[in-house]
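Report on the structure
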2 protein chains.
Amino acid sequence: MILLRREVGDVLRDHRQAQGRTLREISATAAVSLGYLSEVERGEKEASSELLASICAALNLPMSRMLSDVSVRAARSEAISALVTLPVGQRSDTLVRASAA
Amino acid sequence: MILLRREVGDVLRDHRQAQGRTLREISATAAVSLGYLSEVERGEKEASSELLASICAALNLPMSRMLSDVSVRAARSEAISALVTLPVGQRSDTLVRASAA
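I will try to describe carefully the structure that is included in this document. (Residues numbered from 1 in each chain as written. Chains lettered and ligands numbered in written order. Predicted model: local features only at pLDDT ≥ 70, side-chain atom pairs only at ≥ 80, totals over all residues.)

1. Some details on helix H3 (residues 34-41) of chain B
All names here are of chain B.
- Taken as a whole, H3 has its buried residues at Leu37, Val40 and Glu41. In a view along the axis of H3, the buried residues occupy a sector of 100 degrees, so they form one face of it.
- Residues of H3 that are buried in the fold lie against helix H1 (4-18), helix H2 (23-30) and helix H4 (49-58).
- Phi turns positive, to about 75 degrees, at Gly43, one or two residues after H3. (Buried ≥ 20, exposed ≤ 12 C-beta atoms within 10 Å, placed from the backbone. Helix = DSSP H or I, 4+ residues; strand = E, 2+ residues; numbered from the N terminus. Arc of directions from axis to C-beta. Contact = placed C-beta atoms within 7 Å.)

2. Focus on the relation of the copies chain B and chain A
- Superposition of chain B onto chain A requires a rotation of 180 degrees combined with a translation of 0.0 Å along the rotation axis, giving an RMSD of 0.0 Å. Seen this way, the second copy is the image of the first under a two-fold rotation axis.
- A shared binding surface is used by both copies, with 100% of the interface residues of chain B retained as interface residues in chain A. (Least-squares fit on C-alpha atoms with pLDDT ≥ 70 in both.)

3. Comments concerning the interface of chain B and chain A
- Listed by partner, the interface residues are 21 residues for chain B and 21 residues for chain A.
- Mapped onto the side of chain B that touches chain A, the elements with two or more residues apiece are H1, H4 and helix H5 (63-83) of chain B.
- Element by element, the count of residues in the side of chain B that touches chain A is highest for H5(B), at nine residues.
- Of the residues assigned to the side of chain B that touches chain A, the class counts are twelve nonpolar, five polar and four charged. (Nonpolar A, V, L, I, M, F, W, Y, C, P; charged D, E, K, R; others polar.)

4. Looking at the packing of H1(B) against H5(B)
Residues and elements named next belong to chain B.
- Orientation of H1 relative to H5, taken along the N-to-C sense of each, is 120 degrees, at an axis distance of 9 Å. As far as their axial angle goes, H5 and H1 are oblique. Considering how the two elements wind past one another, H1 and H5 form a crossing that is right-handed. Only Met66, Asp69, Val70, Arg73 and Ala74 of H5 make contact with H1, whose side of the interface consists of Glu7, Val8, Asp10 and Val11.
- Taken together, the residues of the contact of H1 with H5 break down into five nonpolar, no polar and four charged. (Axes fitted to C-alpha atoms, helices over the stretch in contact; angles between N-to-C directions. Parallel < 35°, antiparallel > 145°, perpendicular 65-115°, else oblique. Left-handed = near helix turned anticlockwise from the far one by under 90°.)

5. Regarding unusual backbone geometry
- Phi is positive for Ala31(A), which is not a glycine, with a value near 55 degrees.
- Mapped onto the elements, Ala31(A) comes out in the loop between helix H2 (23-30) and helix H3 (34-41).
- Using a count of 10 C-beta atoms within 10 Å as the deciding quantity, one classes Ala31(A) as exposed.
- With phi around 50 degrees, Asn60(B) is a residue other than glycine that occupies positive phi space.
- Mapped onto the secondary structure, Asn60(B) falls in the loop between H4 and H5.
- Taking the number of C-beta atoms within 10 Å as the measure of exposure, Asn60(B) has 10 and is therefore exposed.

6. Concerning the nonpolar core
- Judged by nonpolar contacts, the single largest core of 40 residues is most densely connected at Ile55(A), Leu67(A), Val70(A), Ile55(B), Leu67(B) and Val70(B).
- Among all residues touching Ile55(B), those that are not within four sequence positions of it are Leu12(B), Ile26(B), Ala30(B), Val32(B), Leu37(B) and Ala47(B). (Core = buried A, V, L, I, M, F, W, Y, C linked by C-beta atoms within 7 Å.)

7. Some thoughts on the environment of Ile2(A)
- Position of Ile2(A) among the secondary structure elements: in the segment before helix H1 (4-18).
- As a C-alpha pair, Ile2(A) and Gly35(A) span 33 residues in sequence and 24 Å in three-dimensional space.
- Residues within four places of Ile2(A) in sequence aside, it is in contact with Glu7(A), Ala74(A), Ser77(A), Glu78(A), Ala53(B) and Met63(B).

Below, the structure written as structure tokens:
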């Protein structure tokens, strides 16, 4: 099962780290506690829609871009899940497509 | 501010209606109360990640597709929000791009 909060957390952390910014900086800008932001990034807490908008704004990350990144990650997970239901002989082509996605 | 729960609710309702299915059918399949599903569709309740996965499964809607639909909607809202900050003379081209997105 694909859990949205995990994928969202990974995407938020990836963007923050790519910008070389700390949890402390983003939590201050987004007006959310550092501990909560850390739990959101680790996929342990469901962020409310308002909080998510605030974190994206603090990262200068359009919500559409965040969601499109999450969609790509979900598509990869779906391809891998589909793979394990295939007979072994049919897996290699599917794996190549999933890796290229 | 773009609120994820509203965009998600709209996308879930659009897919359900496009399939000609009722709230009752989806709520039974997804094992969620009809009232709760209705609130999720109206963007009034934040669905947990587990519940969202369950609703998408009931709709035979891959999570990646749902998220990509939500991303497109968010991009349109962002384009329209950007528009209102532009001087009037620069709005028409931007509006055309937003409508085409």
